[in-house]
Protein chains: 4
Amino acid sequence: MASNTFGYLFTITTFGESHGKGIGVIIDGCPAGVEIDNAFIRSELQRRKPGQSSIVTQRKEEDEFIIQSGVFEDKSTGHPIAIWIPNTNQKSRDYDHIKYQFRPSHADFSYEKKYGIRDYRGGGRSSARETAARVAGGAVAKLMLKSYGIKINAFVSEVGNLKLDKSYLQLDLSKTESNIVRCPDPEMALQMEQHIKEIRKEGDTVGGVITAVIQDCPVGIGEPVYRKLHAELARAMLSINAVKGFEYGSGFAGSRMKGSEHNDAILTAEGKTASNFSGGIQGGISNGMDIYFRVAFKPVATIMKDQVSRDKHGAAVTVSGKGRHDPCVVPRAVPIVEAMAALVLADLLLVSKGSRLDA
Amino acid sequence: MASNTFGYLFTITTFGESHGKGIGVIIDGCPAGVEIDNAFIRSELQRRKPGQSSIVTQRKEEDEFIIQSGVFEDKSTGHPIAIWIPNTNQKSRDYDHIKYQFRPSHADFSYEKKYGIRDYRGGGRSSARETAARVAGGAVAKLMLKSYGIKINAFVSEVGNLKLDKSYLQLDLSKTESNIVRCPDPEMALQMEQHIKEIRKEGDTVGGVITAVIQDCPVGIGEPVYRKLHAELARAMLSINAVKGFEYGSGFAGSRMKGSEHNDAILTAEGKTASNFSGGIQGGISNGMDIYFRVAFKPVATIMKDQVSRDKHGAAVTVSGKGRHDPCVVPRAVPIVEAMAALVLADLLLVSKGSRLDA
Amino acid sequence: MASNTFGYLFTITTFGESHGKGIGVIIDGCPAGVEIDNAFIRSELQRRKPGQSSIVTQRKEEDEFIIQSGVFEDKSTGHPIAIWIPNTNQKSRDYDHIKYQFRPSHADFSYEKKYGIRDYRGGGRSSARETAARVAGGAVAKLMLKSYGIKINAFVSEVGNLKLDKSYLQLDLSKTESNIVRCPDPEMALQMEQHIKEIRKEGDTVGGVITAVIQDCPVGIGEPVYRKLHAELARAMLSINAVKGFEYGSGFAGSRMKGSEHNDAILTAEGKTASNFSGGIQGGISNGMDIYFRVAFKPVATIMKDQVSRDKHGAAVTVSGKGRHDPCVVPRAVPIVEAMAALVLADLLLVSKGSRLDA
Amino acid sequence: MASNTFGYLFTITTFGESHGKGIGVIIDGCPAGVEIDNAFIRSELQRRKPGQSSIVTQRKEEDEFIIQSGVFEDKSTGHPIAIWIPNTNQKSRDYDHIKYQFRPSHADFSYEKKYGIRDYRGGGRSSARETAARVAGGAVAKLMLKSYGIKINAFVSEVGNLKLDKSYLQLDLSKTESNIVRCPDPEMALQMEQHIKEIRKEGDTVGGVITAVIQDCPVGIGEPVYRKLHAELARAMLSINAVKGFEYGSGFAGSRMKGSEHNDAILTAEGKTASNFSGGIQGGISNGMDIYFRVAFKPVATIMKDQVSRDKHGAAVTVSGKGRHDPCVVPRAVPIVEAMAALVLADLLLVSKGSRLDA
């Protein structure tokens, strides 16, 4: 399979550029009979949409979508579901000044060298606009997972140096959507909002961390060795623009623990454990406990400051900040993290149907 | 493809259990004409081998290997290279006591539930013994990458709370193999060695972190969107037993930086940058700068202490530590990290040959 | 990968139903720098279009297409090329009478049983309308192959009992498009046309055979064992609606020959052979000689006669012929056969770039 | 995946050369819990073995096999099953005379040009010896399919000009193994045997045709569009050495029929049809009726006669026949055809588990 497809059985193939006609996703492998709830797909896209609040880019994108195939009488038919999201508010001229310039820490240089040709407008295919297609695909995956009772919740746990030092168990995750930062702790959310606004005033950007929790996942999802559930989650997360790191369960902190502290004593026949440093996965396979992981995002590369760079002819240039960009990507990235997690789970859940003869 | 295959064009398929007849790897997609240097493959396996030093498991495995196919007159033929590593020193009786027990933080419970049948001896397929097959496959990948001048070096940068607070640029990586911890800083190596020995005395284990550096990688390796170079590296690393986290370039620390600090100013026509927080990858594609990343390992789950658990009938049991195990996995995991990195690079390098018509 | 994707590196993913909003194709893996000639894509679609002549269905489909992504300044960018072909002339009501009926020798019954839900309008996803998306994808593949000088020509060699008993070497393939049957022998074309018209008058349909020739294919395309060039061609052809058989080189007739007759004596250092019963492929790999094969199509299942069948409740029904259908599918299938051959070649050509280290 | 792997979920990866250490197969994706019956695997290998009768090659190969992994207490564990078949009776010197020669209608020339290096001994990887690994893999697939009640039977229906003009329905398929030709019609079997012996006396070879029948296949196996059941069968068959053609159901003869003759009237709610020209597959999906197909094999290329060719330096040479080869490949190919059919079915059966939400 080529590189714009994700998944083995439940797959998405995405396409489209930031400033072309639009972007789209083909969901292939969704079982027949899933209720395709348009309102839900719309609400997921709204969560990712630019212009939704005062701390995200003021670019207006309507993200209206059209389901072009694969749904009949509101149900999936087992055939590819195509969702098309037309571009509506592209200001391609905003990018004329970087037609020949390589913006620092963008994909301009590497795309130009790899392909010898580059749609420079808004970053083309490297634009985070592509993630809208993931969210649409992930929404369908969530609709399928609903039948299995699997719940996926992500939230912002760090913005710059502001860190929410609470476990997800201490938080009311239903509050995540109650503020524009998408941090379920109202007090911390306020601080983060304040911080993002200051950063924006400086013409600068800041990174952050998203925590995700998957609950009520059946035992047995994930394949041993190369397709471990957490390995697929890692790839899924690192494939999101601006992501620099992934850890699950005890993560990097776990590397500083002793085995006697880290091991999760098994308390019940159903596999309930006393602690859950394993993060709900053992040997790459879900064990029925909560799955949780953290995803690190770098600061957005587009800043409103002059920067040293080169153009495609090798000449030194000054890249100036223009356009409408996010001061911090994590509030809008919450639904993207959830979407990618849903896609991994839907896919590996189908794969696991072949695990045993008597299943 | 099924789950024991890794890669798209340059692939490995591994098989075998800890206490069966042996383990093996099929390397399919290696171009014809690569010099297959048996001495090099052997030396790579030696670096991973148990019993190699006083701080690793004293289990003896000879890891002698047989190349069964795909090599003719010392060169790869373009056909599958099969490498078979017989098991020689299995003491299956060591595992009789866990025949029905689920060891905490092992894959026993999840395997039993997923498959309904389980080769309990030494963990079967979930054993880290499988990684010998990866190292053999990675050795062939390294032999191919040599023709492209690509260098891969990993080393131990953390053991428990001991952290080597130096960039790889400040270290002499040629010293990594000069001590049994595989830390290129001799002083820190000594402390780490000491610490591991103490931990072992306690009957306990400890985690750690491995840093890896890829140098002289050509520009243009990695595919946008779902097959980003760092996403594939993340998956590769998380697929290694005991790994809990991955970060590249600035990583989690990058999420606390501002864009103006984090962006890498481009200084030359060849894309040399002032800083390298991007970690040698932009938009998922290598940009010619050093690629570096960190991999977190949890403490080994087998400890010499009694633990609370359940057996396959659901009854409460005490799991007692037995067998010969590593107090800390990272010294032996260094060649595994390198092998997986080599496999990702060899694979994506072949994939990238199709990037442009004029290539 | 899921089942609506074809190819390994140069891939198409198609979607859409006969009587939905339209059909589309995502071409992923096309190298950057291919000239995307819209007029050529249009002319290929015209060759497949309904209503193009007096011997094909009089259904009107405009097959206007929109390139939605992946092309910049008339060249492929290395990113997915999406082509969307809206449906314009669907008369869904024509299908109301088969809402619950299973048409004999259609996919109605097997779809219903497999999925439990079925878009009955025009056959939904099982409609041959899907092949328009293949032709669009194949047109892009042909544009890529042009750079390599590879030529692909298909033509009608049999209609019912009318058989063109000449080798492609005795024919002027440039005449294929000069008649509505797409048979390069004008006299035979006339007979075939006459026959098809008679069959239509009877309210019946008839099958046929298409012969295809690939010329100037470089040596070395195709992979041994499971991805032999002819095995991939066979799969590609059998994936086309209504295809019942495939043979290449000497084919079924070759099974009646002796080795001493069948073997192709090698005459030159470049591999030119005296005969070419091998059909340009040895061991699954192109050898530089002409590649040729034949594809058998069954008679179209929709006929204007009453037929015995069952409905979805198991009751006996009479299925009556309605709608506008082809009396013989082969004239319109010529560009589809070419498209699938082009897709196989473009794909395996990219795969073969990894065959040897010095390539 | 690389090219020596076959299948999507139930996969085989084969390796090894004719005159190397042996050949092997890794079966990955077999569900846990399948009884692995060694005696059955052995009997399948015996059916393919050289030297089994007076009309096949007198080369002796023991085809003893070792199961190296994936089986525990006689059951599949869900992990890769490796089967290794050592080479025992290689006479590599037999091939010294073709070290530099290209044998007509063998893969020598195309391998040399593709890879620049070639294991000339016995054809190396291009040898039909590879098919023993397929038969071993297919035996495991058959053991899995037994649980589903699916039956697969192949037999010889043509040798040279001798054609068994009976439908499989008129034959007692249990008689196939009662003669050395593997033709269930005893009279025709005798004629075929006679013919093969004459051909061998001439130092020549002859082709033939194998017919295969799959019975009691559940409805719903096969995926629409590119992974149609018959398309996968076609690829599987064409991937077997010496195969030149494939047809299913009415096949090439179907192209000469009218729709009114060809359509299969549906007689019962379960989908039983009056005729079965569809060959048990509609729209690429099994419909519950018998699946049947025919596979054409060319005459073996190794003949005991002098032939005109070139060597690797481009010089004209005479290739003389030596070694021990089959005068006709079809008797030994019967279990290979069955094995590949079993692999396709086992694979697509697992894939189809994801077809609908309520399955």
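Here the structure is a predicted model, which means the values were calculated and not measured.

Undergrad: Which residues make up the relation of the copies chain A and chain B, and what are the values?
TA: Between chain A and chain B, the superposition needs a rotation of 180° and an axial shift of 0.0 Å, giving an RMSD of 0.0 Å. The transformation just described matches what one would write down for a two-fold rotation axis. When the interface residues of chain A are mapped onto chain B, 100% of them again fall at the interface, so both copies present the same face.

Undergrad: Please set out the sheet that holds strand β10 (residues 208-215) of chain B residue by residue, giving values where relevant.
TA: If you trace the ten strands from one edge of the open sheet to the other, you get β9(A)-β8(A)-β10(A)-β14(A)-β11(A)-β11(B)-β14(B)-β10(B)-β8(B)-β9(B), paired in antiparallel fashion. Strands with a single pairing partner mark the edges of an open sheet, and in this sheet they are β9 (162-163) of chain A together with β9 (162-163) of chain B. Here five bridges tie strand β11 (residues 243-248) of chain B to strand β14 (residues 291-297) of chain B, and the two strands are oriented antiparallel to one another. Each residue of the ladder has a partner; that of Val243 of chain B, found in β14 of chain B, is Phe297 of chain B.

Undergrad: So what's going on with unusual backbone geometry? Residues and values would help.
TA: Note: most residues except glycine have negative phi, and most peptide bonds are trans. Notably, Ser105 of chain B is not glycine yet its phi reads approximately 60°, a positive angle. Locating Ser105 of chain B in the fold gives a position in the loop between β7 (81-86) and α2 (108-115). By relative accessible area, which is 5% here, Ser105 of chain B ends up buried. Notably, Arg182 of chain D is not glycine yet its phi reads approximately 70°, a positive angle. With respect to the secondary-structure elements, Arg182 of chain D resides in the loop between β9 (162-163) and α4 (186-201). When its relative accessible area of 5% is taken as the criterion, Arg182 of chain D is described as buried.

Undergrad: Which residues make up the sheet that holds strand β2 (residues 11-16) of chain B, and what values go with them?
TA: Residues and elements named next belong to chain B. The five strands lie next to each other as β1-β2-β3-β7-β4, forming an open sheet whose pairing is antiparallel. One side of each edge strand has no neighbouring strand; the edge strands of this open sheet are β1 (5-6) and β4 (66-69). As defined by bridge partners, strand β3 (residues 22-28) adjoins β7 across six bridges and the pair is classed as antiparallel. Pairing of Ile23 across the sheet is with Ile85, part of β7.

Undergrad: Go over the interface of chain D and chain C with me, naming the residues and quoting the values.
TA: Contact with chain D, which involves 105 residues of that partner, is made by 105 residues of chain C. Taking both partners together, chain D and chain C bury about 8,100 Å²; carbon and sulfur atoms supply 57% of that area. Salt-bridge contacts for Glu232 of chain C lead to Arg235 of chain D; the nearest nitrogen and oxygen are separated by 3.3 Å. There are 56 residue pairs in polar contact (both at pLDDT 80 or more) connecting chain D and chain C. At seven residues, helix α2 (residues 108-115) of chain D tops the list of elements feeding residues into the side of chain D that touches chain C.

Undergrad: Describe in detail the packing of helix α5 (residues 229-238) of chain C against helix α5 (residues 229-238) of chain D, supporting the description with residues and values.
TA: Where α5 of chain C meets α5 of chain D, the axes come as close as 8 Å, and the angle between the chain directions of the two elements is 165°. Between α5 of chain C and α5 of chain D, the crossing angle belongs to the class labelled roughly antiparallel. Of the two possible hands of crossing, α5 of chain C and α5 of chain D adopt the one that is right-handed. Facing His230, Ala231, Glu232, Ala234, Arg235 and Leu238 of chain C of α5 of chain C, the residues of α5 of chain D in contact are His230, Ala231, Glu232, Ala234, Arg235 and Leu238 of chain D. Looking at the contact of α5 of chain C with α5 of chain D, its residues break down into six nonpolar, two polar and four charged.

Undergrad: Provide a residue-level description of the pattern of salt bridges, including the pertinent values.
TA: One pass over the full model with this rule turns up 108 salt bridges over all chains. When the shortest N-O distance is used, the salt bridge between Lys258 of chain D and Glu202 of chain C registers 3.0 Å. With Lys258 of chain D in the loop between α6 (251-254) and α7 (259-262) and Glu202 of chain C in the loop between α4 (186-201) and β10 (208-215), this pair bridges two chains. Glu202 of chain C gets classed as partly exposed once you look at its relative accessible area, which sits at 38%. Ionic pairing is found between Asp119 of chain D and Arg121 of chain D, a salt bridge with its closest N-O pair at 2.8 Å.

Undergrad: Outline the environment of Phe15 of chain B, supporting the account with residue identities and numerical values.
TA: Structurally, Phe15 of chain B can be placed in strand β2. Residues Phe15 of chain B and Ser278 of chain B, 263 residues apart in the sequence, show an inter-C-alpha distance of 36 Å. For Phe15 of chain B, the residues in contact, after removing those within four places along its chain, are Ile23, Gly24, Val25, Ile26, Trp84 and Arg125 of chain B together with Ile26, Gln68, Ser69, Pro80 and Ala82 of chain D.

Undergrad: Any chance you could break down α2 of chain D for me, citing the residues and the numbers?
TA: Burial of α2 of chain D is extensive: seven of the eight residues sit out of reach of the surface. All of the buried residues along α2 of chain D are Asp108, Phe109, Ser110, Tyr111, Glu112, Lys114 and Tyr115 of chain D. Check the buried side of α2 of chain D and you find it contacts β12 (281-282) and β13 (285-286) of chain C. Gly116 of chain D sits one or two positions beyond α2 of chain D and adopts a positive phi of about 75°.

Undergrad: Which residues make up the packing of aromatic side chains, and what are the values?
TA: Tallied over the full model, the rule gives 30 aromatic pairs over all chains. On the basis of an interplanar angle of 10° and a centroid distance of 6.0 Å, the ring pair of Phe15 of chain A and Trp84 of chain A is categorised as stacked. One end of the pair, Phe15 of chain A, is in strand β2 (residues 11-16); the other, Trp84 of chain A, is in strand β7 (residues 81-86), with 69 residues separating them in the sequence. For Phe15 of chain A, a relative accessible area of 1% corresponds to the buried category. Note on Trp84 of chain A: relative accessible area 8%, which makes it buried. Summarising the aromatic geometry, the rings of Phe246 of chain D and Phe293 of chain D are spaced 5.5 Å apart at their centres and angled 35° between planes, so their arrangement reads as tilted. Separated by 47 residues along the polypeptide, Phe246 of chain D in strand β11 (residues 243-248) and Phe293 of chain D in strand β14 (residues 291-297) bring together distant segments of the chain. Taken as a pair, Phe246 of chain D and Phe293 of chain D share a single burial class, namely buried. Looking at Arg227 of chain A, its charged tip hangs above the ring of Tyr8 of chain A, at a distance of 3.6 Å from the centre. Between Lys244 of chain D and the ring centre of Tyr248 of chain C, over which it is positioned, the NZ or CZ distance is 4.0 Å.

Parameters at a glance
Residues numbered from 1 in each chain as written. Chains lettered and ligands numbered in written order. Predicted model: local features only at pLDDT ≥ 70, side-chain atom pairs only at ≥ 80, totals over all residues. Heavy atoms only, no water. Least-squares fit on C-alpha atoms with pLDDT ≥ 70 in both. Contact = heavy atoms within 4.5 Å. Pairing = 2+ DSSP bridges. Helix = DSSP H or I, 4+ residues; strand = E, 2+ residues; numbered from the N terminus. Buried < 20%, exposed > 50% of the residue type's maximum accessible area, 1.4 Å probe, protein only. Buried area = accessible area lost by both parts, 1.4 Å probe. Salt bridge = Lys/Arg side-chain N within 4 Å of Asp/Glu carboxyl O. Polar contact = N/O pair within 3.5 Å; in protein donor to acceptor, adjacent residues only side chain to side chain. Axes fitted to C-alpha atoms, helices over the stretch in contact; angles between N-to-C directions. Parallel < 35°, antiparallel > 145°, perpendicular 65-115°, else oblique. Left-handed = near helix turned anticlockwise from the far one by under 90°. Nonpolar A, V, L, I, M, F, W, Y, C, P; charged D, E, K, R; others polar. Phe/Tyr/Trp six-rings, centres within 6.5 Å; stacked < 30°, edge-to-face > 60°. Lys NZ or Arg CZ within 6 Å of the ring centre and 35° of its normal.

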